[in-house]
Structures are given as C-alpha cells and as structure tokens.
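# Remarks on the overall topology
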Amino acid sequence: MSPMVSLREFARGLTPGSRLKEAEREVERLRRRAKSDQQEGNELARELKRAQRVTQKLRARVAALEDELLDSRVPEHVAATVRRVRAEHLTYLALPHLSTLARAVLDIEADGVPGALVEAGTARGGSAIVMAAAKSPARPMYVYDVFDQIPPPSDRDGADVHERYATIADGRARGVGGELYYGYRDDLYAEVSESFTRLGVPPETSSVQLVKGLFQDTIDLDEPIALAHLDGDWYDSTMTCLERIAPLISPGGRIVLDDYYAWSGCREAVDDYLAARPGFRREARGRLHLVRED
Ligand SMILES: C[S@@+](CC[C@H](N)C(=O)[O-])C[C@H]1O[C@@H](n2cnc3c(N)ncnc32)[C@H](O)[C@@H]1O
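Keep in mind that this is a model prediction, so the values were computed, not measured. (Residues numbered from 1 in each chain as written. Predicted model: local features only at pLDDT ≥ 70, side-chain atom pairs only at ≥ 80, totals over all residues.)

### As for the overall build of the protein
Helix and strand counts for the protein stand at ten helices and seven strands. In terms of overall dimensions, the protein is more spread out than a globule: its C-alpha atoms have a radius of gyration of 29 Å, far above the 19 Å expected for 294 residues. The buried share of the protein, taken over its 294 residues, is 34%. A separation threshold of at least 6 residues defines the contact pool for the protein, and within that pool the share at least 24 residues apart is 74%. (Helix = DSSP H or I, 4+ residues; strand = E, 2+ residues; numbered from the N terminus. Rg over C-alpha atoms; globule rule 2.2 N^0.38 Å. Buried ≥ 20, exposed ≤ 12 C-beta atoms within 10 Å, placed from the backbone. Contact = placed C-beta atoms within 7 Å.)

The structure is reproduced here in structure tokens:
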C-alpha cells in the first residue's frame, strides 16, 4: 500500500470535529513558531545594532589614531594640506598612505637626495598637492596626467581592470565622496591647477609643472629623479613610467607604486619590469616602494 493511499484513508477516517481540532492545533503550532521566529528576529536586529555601534566607535578611534599619527610624522603645514585634500575629496589615497607619501618626500629632502619629483597619474591632484607641500619650493616637480578620461587598459590587464574600465566608459563611475568622477569633468587641468594654488602651492612659484597628455607622449625626462609617485592604474601606463623614470632614480631615491596591491595590470608591469632589472629593493609601506640601491 502506497503512503498516499494510507494518508487519504486516514483523512477519510477523521470526523469533521476531529479535523477541526487538528486544524486548530496546527494553527496554534504555527502561531507559536511565528512568535519565536519574531523574537529571534528582534534579538538579531538588536545584535546587529550593537555591532554597528561598536564598528562606528572603532572607526572613529582608528580615524583619531590616524590623525594623531599624521601629526607625529609630518610638520603642521603638510598635515594641514593632507587634511584639506581629503576634506575636499581631491584624492583617492587614504590618510595613512598620504602621510607615508609625504614622509617619503620629507625624507628625500632631509637626506639631500638629488633630483626632481614626479607624479604620473594625478586625477584631481590630491596626492601631488601633498607632495608639493612637503618638498622644498626650489625642487622641480613634474605632474603628468591626461587630465581627461583614463585611457583604456590593454590585454595585459586582468578582468578586475576591464570591469572597472567598463564602469568608467559607461558613465557609471562615481567620484570620491560621491562627487562627479574626475574623468567626466569639463576642464580637469584648470581645476587641478587652481587646486594647487588654493592649497598654498601655486605651480608657478612652487617649481611645479603640470603636463597634459598620455604618459606615452609626454614623459621624456633626462635628469635625476629623487622620488616618483606612479598612480596610473593599468599595465601600459605603469610600464611606460617605469621604463622612462626608473633608470633616472638617484641612489637612495624611490618609486612609490600606488596600485601594486590594487590592480592586476600594475602588479604585472612592476614584476615584469623588475624581473629584468636589478638595483631596486622592495619595501612594503602600505604601498609598494622601490628603493634605488646605491
Ligand atoms: C587613480 S587616478 C590618480 C589618483 C591621484 N593620484 C589621487 O591622489 O587621487 C589615475 C590617473 O592616471 C591617469 N592616467 C592613467 N594612465 C594614463 C596614461 N597612460 N597617460 C596619462 N594619464 C594616465 C588617469 O587619467 C587618472 O587621472
């Protein structure tokens, strides 16, 4: 006899009164279950709120510690510039990375490492402005960017990069702090130039040159470089910078790679470049630093 047949027979054997009782018991059972589910749900919601409060407090504590650290690492005018570029959403770099970058420039000054500073990949200018504030006014600095939408990646970049580029090309990218993405702005070059001036390092009086165009067309240096901050995201952009800048780095000077731990193409480019050329020591300082050995 199949189980279906026995169930039907069982139901047929119930009187209307016993069916009603069965149904009432089932309703009661479901009501109790719903109540306990709701209690469990309320408890989970309370736990979630508690966790959110703890996370908020921890975030605030981390921010306060980062702030304190900034003050202990760099002079006040540089710390003030770091805070302003963050507050004005002029940079993608988090505060500890800006403070490490500023510290690296200050160390170059203190150690008397000869040569210019370079930033390749500046977007709204934040990290370059911090570098300019940390350097001595006489030291030349070159800031390279297309000052437009970032050029497309190549087949040397991975899926992560191509996905990001699709978002940018479709007009779906959002800027820092929810502002208009830098690549969709009308005159980024003028904006960046004004930001340098507004933040106390006018290009004309700070020995800073903003150079508009593709790295491939514009980077053509023939002088010692003390420190280069490379922040061009993709393989070809990074490789071009390494090929044209790394041979010029002064002993004791360094290259700071913003994207080595972030984008596959940058990582590949650095590893490819270094595989064929010794003479640089790797230092992990939140970002990858390549220090030119003496
Ligand atoms: C991540 S953003 C730079 C962020 C900036 N350093 C900051 O403080 O937020 C990368 C910049 O590199 C530029 N870029 C990438 N590849 C380039 C290339 N081959 N030539 C010129 N500019 C390039 C992009 O247009 C963009 O402005």
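### Some details on the sheet that holds strand β5 (residues 249–257)
If you trace the seven strands from one edge of the open sheet to the other, you get β3-β2-β1-β4-β5-β7-β6, paired in mixed fashion. Where the open sheet ends on each side, the last strands, each with one partner, are β3 (208–212) and β6 (280–285). Along the sheet, successive strands turn relative to each other by an average axial angle of 15°, direction set aside. Packed onto the sheet, helix α9 (residues 235–245) meets β1 (116–120), β4 (225–230) and β5 and runs at close to 175° relative to β4. (Pairing = 2+ DSSP bridges. Axes fitted to C-alpha atoms, helices over the stretch in contact; angles between N-to-C directions.)

### Quick word on the UniProt feature "coiled-coil region" (unreviewed entry) in the protein
Mapped onto this structure's residue numbering, the UniProt feature "coiled-coil region" (unreviewed entry) falls at residues 20–68. Helix makes up 100% of residues 20–68 and strand 0%, whereas the separation of the span's terminal C-alpha atoms amounts to 71 Å. (UniProt positions renumbered as here; feature names shortened; annotations may be inferred.)

### Some points on the site of the ligand
Taken together, 21 residues sit near the ligand, with T91, G121, S127, G232 and S237 positioned nearest. Elements that contribute at least two residues to the shell around the ligand include exactly α5 (126–134) and α8 (215–218). Tallied by class, the residues present in the shell around the ligand amount to ten nonpolar, eight polar and three charged. (Near = placed C-beta within 6 Å. Nonpolar A, V, L, I, M, F, W, Y, C, P; charged D, E, K, R; others polar.)

### Considerations on the pairing of β6
Every other side chain in a regular strand lies on the same face of the sheet, so the side chains alternate between the two faces. Counting buried residues in β6 gives zero out of six residues, a small share hidden from the surface. Where β6 and strand β7 (residues 287–292) come together, six bridges link them in antiparallel fashion. Its bridge partner lying in β7, R282 is registered against L290. Connecting β6 to the antiparallel partner β7 that follows it, the hairpin turn spans one residue, and G286 within it adopts a positive phi of roughly 80°.

### Digging into the nonpolar core
A102, V105, I129, V130, M131, A132 and A228 are the most contacted members of the largest nonpolar core, which totals 66 residues. Here this core takes seven residues from α5, the largest share from any one element. Apart from residues lying up to four places away in sequence, V105 is in contact with L117, M131, A134, K135 and L227. (Core = buried A, V, L, I, M, F, W, Y, C linked by C-beta atoms within 7 Å.)

### Things to note about the environment of D160
With respect to the secondary-structure elements, D160 resides in helix α6 (residues 159–169). The spatial distance from the C-alpha of D160 to the C-alpha of D170 is 16 Å, given a sequence separation of ten residues. Among all residues touching D160, those that are not within four sequence positions of it are W263 and S264.

### Here we look at unusual backbone geometry
Phi is positive for A123, which is not a glycine, with a value near 50°. Along the chain, A123 falls in the loop between β1 and α5. Residue classification places A123 among the buried residues on the basis of 24 C-beta atoms within 10 Å. Even without glycine at this site, D233 takes up a positive phi of about 70°. Along the chain, D233 falls in the loop between β4 and α9.

### Topic: helix α4 (residues 95–111)
The first and last C-alpha atoms of α4 sit 24 Å apart over 17 residues, in line with the 24 Å expected at 1.5 Å per residue. Those residues of α4 lying buried are L98, S99, L101, A102, A104, V105 and I108. Summarising the contacts, the buried residues of α4 are in contact with α2 (16–73), α3 (76–87), β1, α5, β4 and β5. Immediately beyond the C-terminal end of α4, within one or two residues, lies G112, with a positive phi of roughly 65°. (Expected span 1.5 Å × (residues − 1).)

### Details of the packing of α2 against α4
Any two packed helices are characterised by the angle at which their axes cross and by the distance between the axes. Where α2 meets α4, the closest approach of the two axes is 10 Å, and the angle between their N-to-C directions is 5°. Judged on the interaxial angle alone, α4 and α2 are roughly parallel. Residue-level contacts link E66, L69, L70 and R73 of α2 to L95, P96, S99 and R103 of α4. Counted by class, the contact of α2 with α4 contains four nonpolar, one polar and three charged residues. (Parallel < 35°, antiparallel > 145°, perpendicular 65-115°, else oblique.)

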